[in-house]
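Fold and contact review
Spelled out, the chains give:
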Amino acid sequence: MPQLRKDPIIGRWVIIATERAKRPGDFAVVKDKEETAKNQCPFCEGHEAKTPSEIYAIRRPGTEINKPGWDVRVAPSIAPLLKIEGELNRHGMGIFDVMNGIGAHEVVIETPQHIANTCDLPAEQVEKVLNTYISRVKDLSNDSRFKYVLVFKNYGSAAGGSKINHAHSQVIATPINPKRVKEELVGARKYFEFKERCIFCDIIKQELADGVRIVAEVSGFIILSPFAARFPFELWLLPKKHSCDFYKLEKDEVSKLASAMKIALCKISKALNDPPYNYIIHTAPFRNTQKPGYWRTIDYDYHWHIEITPRLTHVAGFEWGTGFYINPTPPEDAAKALRETKCEEENLEKFNVRA
Amino acid sequence: MSELRRDPIGGRWVIVQTDNPKGPADFEIEKDSDTGSAKCPFCPGHEDQTPPELLVNRNNGAANGPGWSLRAVPNKFPALKIEGDIDREAVGMFDMMNGVGAHEVIIETPDHTKELSELSQQEVEAVIWAYKARCLDLRKDKRFEYILLFKNHGKAAGASLSHPHTQLIALPMIPKNVQEELHGAQHHYEYKERCVYCDMVRQEESYEKNMVASNDTYVAFCPHASRFAFETCIMPKEHFAAFDYIEPDMVADLANILKNILARIRKTLKAPAYNFVIHTSPIKNSIMEEYHWHIEIMPKLIRTAGFEWGTGFYINPTPPELAAKHLRAAKIIR
């Protein structure tokens, strides 16, 4: 019998196929045919002139802006979805609402070398990428027009990625709190009102006790496939320490998170034959507005985390119509397959890895 | 400058690329490799490859054999199963229930190669009658709360078989997106004492720029806050909550406009993959002052990426007024 499972945070139901469940080898991973040649790549070191002028970079001492000599580089998107200059000008149009497309849209180039997948970067490099995210989010939080910043990655064209097969992620700051984010925040707040506990902390406790959906534990972080996973092999990476803001991570925590990220991405790449994927950092909105009651309990009720989703199935009419997903791989099976897929990072003794 | 537009019902914001908008030729359409009719379980002569038929329009021949012009059958690999109890239970802090529901397939024609818009007016009418009949039958099952009719055409839209078909799923709960739409509509109704969809029909008719086509009973337009390029909505002009209660003359007019719109999309975008979904009121609440059934048609031209997944906030590269203009201009055989 298939199961219907409810996401405890936002209340979304998911259909989990328990019979005929799909295993890692059952998904046809479509390889991108067209790729940007290395000498054409706008993100490679030496090609800095092919992107707009950099906003931020981790540079080696003595190197110049927009010149080689960087480890991670951030530039505005060449085709920004939202523009940084201007006023919001929110207004009505009959029964409809409109505002100007103001926001920030930046690209984080994760390495000077032409490497496609983040999981192939050394953990130290992933750490630099994470530090760059933190620095950009902090900077954008100072702009009072913005309410939210989304850090995400599209890897491979099935995940909405571009043809540029050079590791990069994106940062988008928006003038409104997006709908999907609000649902999660409201869900977490309701749970807190009821129980006076963080729902994510409760999930972590229950999952550690159950064990079946845990993929790995990496000093202070936990990787699991959620109970009501929408997609096959969907993973959540959560800090065990309660905090609502991703950008408030301490220095030593960033290096551990880098290791956890690398482990999660390596396992997906290895188990599923380098599939396209998205990851999204879920963090609390900026709290610049001093409206009374505005996200009053957010420090207690929300818990930042990263959601990683391999793109193995097409979203079809049913999902669009209902917002209700059909997952052909039970999360317990996905977690088991990923636990059993070993990657090198796990063997490094400097971290306490339990799987 | 791009524009942010807000959907008046769900409150979802969409980024509409008004600056550098994409026209029909700017999208790459991937051609699917056809499975071929020899291996197709929906082709005549292969009736034994599907479960026994629930509904059939038959010209000759015996049940579950060739000689039909339309068939409805249970899905061979159903996402939900028809037998059993719901048994809602808790697993620690989590909630779950058995996957009870109906999952059916309506095979629209015996012709493997046709697309719905290429069928005759009478054939499309027969498809809509089949939708209606299956919904009315499933309404009798007290375990169900909602019936969803939808179509996946083409691989990019999630179709696994190329033979023209529609799917029906009956669910033991009201799904989240439907719930949100209902809440949004109720909210508007409480405030204005008018149906938000009726307001939308009037506004789109007078604004004109988003209109694609209309007939006596229906309007078709590209919605103000379209999530997808060339997204088109078909809506009855008069207030009507439950799709499956439509009258015979409404069936004929629906066949006419659905065929018209799908043909325009096919012509303008070179036969793209698409989904359509019929949005209707919940089974146990069929006569609602505040809800209005409609069909959303979504050509699959772009892939959903991390931003959309993370925010539920879409980027539409073709403003609806431009999409509507291209669709209006399409030369189709009527």
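Small disclaimer: the values here were computed from a predicted structure and weren't measured. (Residues numbered from 1 in each chain as written. Chains lettered and ligands numbered in written order. Predicted model: local features only at pLDDT ≥ 70, side-chain atom pairs only at ≥ 80, totals over all residues.)

1. Considering the overall build of chain B
From N to C terminus, chain B includes six helices and 15 strands. In terms of overall size, chain B behaves like a compact globule, its C-alpha atoms giving a radius of gyration of 20 Å where 334 residues would be expected to give roughly 20 Å. Dimensions of chain B, computed from C-alpha atoms along their principal axes, come out at roughly 60 × 50 × 40 Å. The buried share of chain B, reckoned over its 334 residues, is 50%. Taking the intrachain contacts of chain B between residues at least 6 apart in sequence as the baseline, contacts between residues at least 24 apart amount to 69%. (Helix = DSSP H or I, 4+ residues; strand = E, 2+ residues; numbered from the N terminus. Rg over C-alpha atoms; globule rule 2.2 N^0.38 Å. Buried ≥ 20, exposed ≤ 12 C-beta atoms within 10 Å, placed from the backbone. Contact = placed C-beta atoms within 7 Å.)

2. Some remarks on the sheet that holds strand β1 (residues 3–6) of chain A
Within the open sheet, the five strands sit side by side as β15(A)-β2(A)-β1(A)-β6(B)-β5(B). Their pairing is mixed. The open sheet is flanked by β15 (325–327) of chain A together with β5 (89–91) of chain B, the only strands paired with a single partner. Pairwise comparison of adjacent strand axes, ignoring direction, gives a mean angle of 30° for this sheet. Of the strand pairs in this sheet, β1 of chain A and strand β2 (residues 13–16) of chain A are connected by four bridges, and their pairing is antiparallel. When the sheet's bridge partners are listed, Gln3 of chain A is paired in β2 of chain A with Ile16 of chain A. (Pairing = 2+ DSSP bridges. Axes fitted to C-alpha atoms, helices over the stretch in contact; angles between N-to-C directions.)

3. A word on the packing of helix α1 (residues 123–140) of chain A against helix α4 (residues 251–271) of chain A
Residues and elements named next belong to chain A. In contact at an axis separation of 8 Å, α1 and α4 are set at 115° when each is read in the N-to-C sense. Between α1 and α4 the crossing geometry is right-handed. Facing Ala123, Val126, Glu127, Leu130 and Asn131 of α1, the residues of α4 in contact are Val254, Ser255, Leu257, Ala258, Ser259, Met261 and Lys262. Here the contact of α1 with α4 is composed, by residue class, of seven nonpolar, three polar and two charged. (Left-handed = near helix turned anticlockwise from the far one by under 90°. Nonpolar A, V, L, I, M, F, W, Y, C, P; charged D, E, K, R; others polar.)

4. Considerations on the sheet that holds strand β14 (residues 294–299) of chain B
Residues and elements named next belong to chain B. An order of β3-β4-β7-β9-β8-β13-β14-β12-β11-β10 is seen for the ten strands of this open sheet, with the pairing classed as antiparallel. Each of the sheet's edge strands pairs with one partner strand only, and the pair in question is β3 (55–58) and β10 (211–214). Recorded for the sheet is a direction-independent mean angle of 15° between the axes of neighbouring strands. Judged from the six bridges that link them, strand β13 (residues 274–279) and β14 form a sheet pairing that is antiparallel. Counterpart to Tyr274 in the pairing with β14 is Pro299. Where helix α3 (residues 196–207) meets the sheet, its contacts fall on β10, β11 (218–221), β12 (232–236) and β14, and the angle it forms with β11 comes to roughly 70°.

5. Observations regarding the interface of chain A and chain B
Counting residues at the interface gives 54 residues for chain A, matched by 56 residues for chain B. Elements that contribute at least two residues to the side of chain A that touches chain B include exactly β1, β2, β6 (96–100), β8 (148–155), α2 (179–195), α3 (199–210), β13 (277–282) and α6 (317–322) of chain A.

6. Considering the environment of Met261 of chain A
Residue and element names in this part refer to chain A. Within the element layout of this structure, Met261 appears in helix α4. The class for Met261 is buried, based on 26 C-beta atoms found within 10 Å. What Met261 contacts, discounting residues up to four positions off in sequence, is Val126 and Leu237.

7. Things to note about the nonpolar core
Residues Ile223, Leu237 and Ala264 of chain A together with Ile147 of chain B are the most contacted members of the largest nonpolar core, which totals 195 residues. The greatest single-element share of this core, amounting to ten residues, is contributed by α4 of chain A. (Core = buried A, V, L, I, M, F, W, Y, C linked by C-beta atoms within 7 Å.)

8. A short note on helix α4 (residues 248–268) of chain B
All names here are of chain B. For α4, which comprises 21 residues, the first-to-last C-alpha distance of 30 Å matches the rise-based estimate of 30 Å (1.5 Å per residue) to within 8%. Residues of α4 that are buried: Leu254, Ala255, Ile257, Leu258, Lys259, Asn260, Ile261, Leu262, Arg264, Ile265, Arg266 and Thr268. Looking at the residues trailing α4, positive phi occurs at Lys270, about 55°. (Expected span 1.5 Å × (residues − 1).)

9. So, the pairing of strand β14 (residues 305–310) of chain A
All names here are of chain A. Of all six residues in β14, six are buried, a share of seventy percent or more. With burial as the criterion, each face of β14 is covered, one bearing His305, Glu307 and Thr309 and the other bearing Ile306, Ile308 and Pro310. Here strand β12 (residues 235–239) runs beside β14; their pairing, made up of three bridges, is antiparallel. Residue pairing for β14: Leu237 is matched across the bridge by Ile306.

10. A closer look at the pairing of β8 of chain A
All names here are of chain A. Among the eight residues of β8, eight are classified as buried, and the element is accordingly described as predominantly covered. Where burial is concerned, the two faces of β8 agree: the one with Tyr148, Leu150, Phe152 and Asn154 and the one with Val149, Val151, Lys153 and Tyr155 are both buried. As defined by bridge partners, β8 adjoins strand β9 (residues 168–174) across five bridges and the pair is classed as antiparallel. Within β9, the residue paired with Val149 across the bridge is Ala173.

11. Section: unusual backbone geometry
The backbone of Asn66 of chain A sits at a positive phi, close to 60°, despite the residue not being glycine. Counting through the fold element by element, Asn66 of chain A comes out in the loop between β3 (56–59) and β4 (70–76). What makes Asn66 of chain A partly exposed here is the crowd of 15 C-beta atoms within 10 Å. A positive phi angle is found at Lys270 of chain B, which is not glycine, with a value near 55°. A tally of 13 C-beta atoms within 10 Å means that Lys270 of chain B is categorised as partly exposed.

12. What to know about the confidence of the model for chain B
All names here are of chain B. Put simply, chain B has an average pLDDT of 89, and 96% of its residues get 70 or more. Looking over chain B, one finds the lowest element-wise mean pLDDT in strand β2 (residues 13–16), namely 72, and the highest in β11, namely 98. Scoring of the predicted complex yields 0.85 for pTM and 0.76 for ipTM. (pLDDT = per-residue confidence, 0-100.)

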